[in-house]
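The residues making up each chain are set out below.
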Amino acid sequence: MKKTIISLLFSLVFFTTFATITGNGYYRVQNYGSLRWTSLVDNDGDVDVIAGSADLHALELNNDTEYILSDPASIIYIKHINGNEYDISAQGISLQKMVKNVLYIGSDEVDSNNESLYWLWGKKNDAKKNIADGQTIKSRQFGYATITPPVNVKFSQWYFLPVNENSANFFGAKPTIEASGNLYSTLYTSFAYQPYSNGVKTYYIGRIANGMAEMIEHSGIVPGGSPVIIKCAGENAADNKLKIVTENSELKGNSLKGVYFNYQDDKTQVFNQLLYDPETMRIPGICSDGSFGFVTSDISTIPANTAYIIVPKGSPKEFKCVSTETFDSNLGVGSITVETGEIKYNGHIITCEGSRGIRVINMAGSIVSSTTDDYLNIQDLPKGIYIVSAAGKSLKIVR
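Residues numbered from 1 in each chain as written. Predicted model: local features only at pLDDT ≥ 70, side-chain atom pairs only at ≥ 80, totals over all residues. Heavy atoms only, no water.

Draft legend 1. The pairing of strand 7 (residues 76-82), seen in detail. Bridging between strand 2 (residues 25-31) and strand 7 involves three bridges; their strand directions are antiparallel. When the bridges of strand 7 are listed, Tyr 27 appears paired with Ile 76. Where strand 7 and strand 8 (residues 85-90) come together, five bridges link them in antiparallel fashion. Residue pairing across strands places His 80 opposite Tyr 86, the latter belonging to strand 8. (Pairing = 2+ DSSP bridges. Helix = DSSP H or I, 4+ residues; strand = E, 2+ residues; numbered from the N terminus.)

So, in structure tokens, the structure goes:
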């Protein structure tokens, strides 16, 4: 049903050596033959090793290195389980959770530069199949594997390159907005990080009211799963390096919301997108006075790994980002009349303005997700029919 973009191919050789990946950590994965990098662009899929089929359209292959350097979806966490067994995760989900199977990684070769080459495979009982890049034309930006084995075995081999701020394989922010002489982007990642390049700063949004968004500087580590604003030092990812860290912290009072995925395949009708609602959402942009803020837009979906804010229906079209002092001094100016108590479901997002909590109940009557806020993201819930309860009202939704 869904478009297969990576398939497990029959293994011609049985590998017994263990992978030489240097422990658990963050890596990028690049195909040896095509030189395309992997990115996780969806969080759904399945594998039938015995039948020789796989639905892992989530793994996209891309040879645009400059883009990859600022793409959170390309940052893969490798976790060793036992022997050749590994789990890999990105974008808040692991492969083991997604396809109900572990990944096997082994290495018995090196390239001309003495870099280790890895084989990736899945198995069930005695069936064993390799992951490969089936589109072997380097000039194509995007590549997807097919069930047909590659002509050359090198397209079944992969590099695992550690991500490090002091190497060519770093992670950095790419600005998307220039406002009042400054460069900005928003970022939503599943891993923790902190600014590394000089001049790079991170901010979050506190209070939102009366056409203003309180922009607060955050010092130190940005926790995984925390959407933030990045004030960039330059136009390129290399100017705005971020150091990925394993430590985590807590970022309280953040009104920014984030989304990991914006994937669509019109041919197979696969969609994993958060629809943009101009009545209740504002995205990063340039306000009418040229300053940075959150504004209405004509986009149809929220871009992957970016941040946005939720506002009441009837709010101003733009919210200028201001300091805490400016926010406090202008807080009493103007007012907004909004509708409360209306449950809205938009993609993975449930909102109910003015409510003191939202509960999601499955058809067996069990509460499967809840919050004390007026906003709830249910993208991790299995597909199915649910009842949403909030503000004394209920709404049936289909996930």
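Draft legend 2. Representation of the sheet that holds strand 35 (residues 393-398) in the model. The four strands lie next to each other as 32-31-34-35, forming an open sheet whose pairing is antiparallel. Two strands close off the open sheet at either side, each with one partner strand: strand 32 (367-371) and strand 35. Shown here is a sheet whose adjacent strand axes are inclined to one another by a mean of 20°, direction ignored. Pairing between strand 31 (residues 358-362) and strand 32: four bridges, direction antiparallel. Paired with Ile 361 across the bridge in strand 32 is Ile 367. (Axes fitted to C-alpha atoms, helices over the stretch in contact; angles between N-to-C directions.)

Draft legend 3. Focus on a nonpolar patch on the surface. Together, Met 363, Ile 385 and Val 398 line one region of the surface with nonpolar side chains, adding up to about 310 Å² of accessible area. Along the chain, the position of Met 363 falls in the loop between strand 31 and strand 32. Overall, Met 363 belongs to the exposed group, its relative accessible area being 55%. (Patch = residues over 30% accessible without salt bridge, like charges linked within 9 Å, V, L, I, M, F, W, Y side chains within 5 Å. Areas by Shrake-Rupley, 256 points an atom, 1.4 Å probe, with all protein chains shown as cover. Salt bridge = Lys/Arg side-chain N within 4 Å of Asp/Glu carboxyl O. Buried < 20%, exposed > 50% of the residue type's maximum accessible area, 1.4 Å probe, protein only.)

Draft legend 4. Structural context of the sheet that holds strand 33 (residues 375-377). The strand order across the open sheet formed by three strands is 29-30-33, and the pairing between neighbours is antiparallel. Two strands close off the open sheet at either side, each with one partner strand: strand 29 (343-346) and strand 33. For this sheet, the mean angle separating the axes of adjacent strands, direction not counted, is 15°.

Draft legend 5. Summary view of the environment of Asn 305. The residue Asn 305 is located in the loop between strand 26 (292-295) and strand 27 (306-310) in this model. Considered as a pair, Asn 305 and Ser 190 are 115 residues apart in the sequence and their alpha carbons are 9.3 Å apart. Not counting chain neighbours up to four residues away, the residues in contact with Asn 305 comprise Asp 71, Pro 72, Ala 73, Gln 91, Thr 186, Leu 187, Tyr 188, Val 259 and Tyr 260. In terms of polar contacts, Asn 305 uses its side chain to reach the backbone carbonyl oxygen of Tyr 188, at 2.9 Å. (Contact = heavy atoms within 4.5 Å. Polar contact = N/O pair within 3.5 Å; in protein donor to acceptor, adjacent residues only side chain to side chain.)

Draft legend 6. The packing of aromatic side chains, seen in detail. A complete count under the given rule lists 12 aromatic pairs for this structure. Relative to Trp 121, the ring of Tyr 104 has its centre 6.0 Å away and its plane inclined at 15°; by these criteria the two rings are stacked. Taken together, the residues span a long stretch of sequence, with Tyr 104 in strand 10 (residues 103-110) and Trp 121 in strand 11 (residues 116-124) at a distance of 17 residues. The pair formed by Tyr 104 and Trp 121 is uniform in burial state, with each residue classed as buried. The structure contains a cluster of three or more aromatic residues connected by ring pairs, namely Tyr 26, Tyr 77, Phe 171, Phe 191 and Tyr 193. Residue placement shows Lys 241 over the ring face of Phe 170; its charged tip is 4.8 Å from the ring centre. Above the plane of the ring of Tyr 375 lies Lys 257, whose end atom (NZ or CZ) is 3.9 Å from the centre. (Phe/Tyr/Trp six-rings, centres within 6.5 Å; stacked < 30°, edge-to-face > 60°. Lys NZ or Arg CZ within 6 Å of the ring centre and 35° of its normal.)

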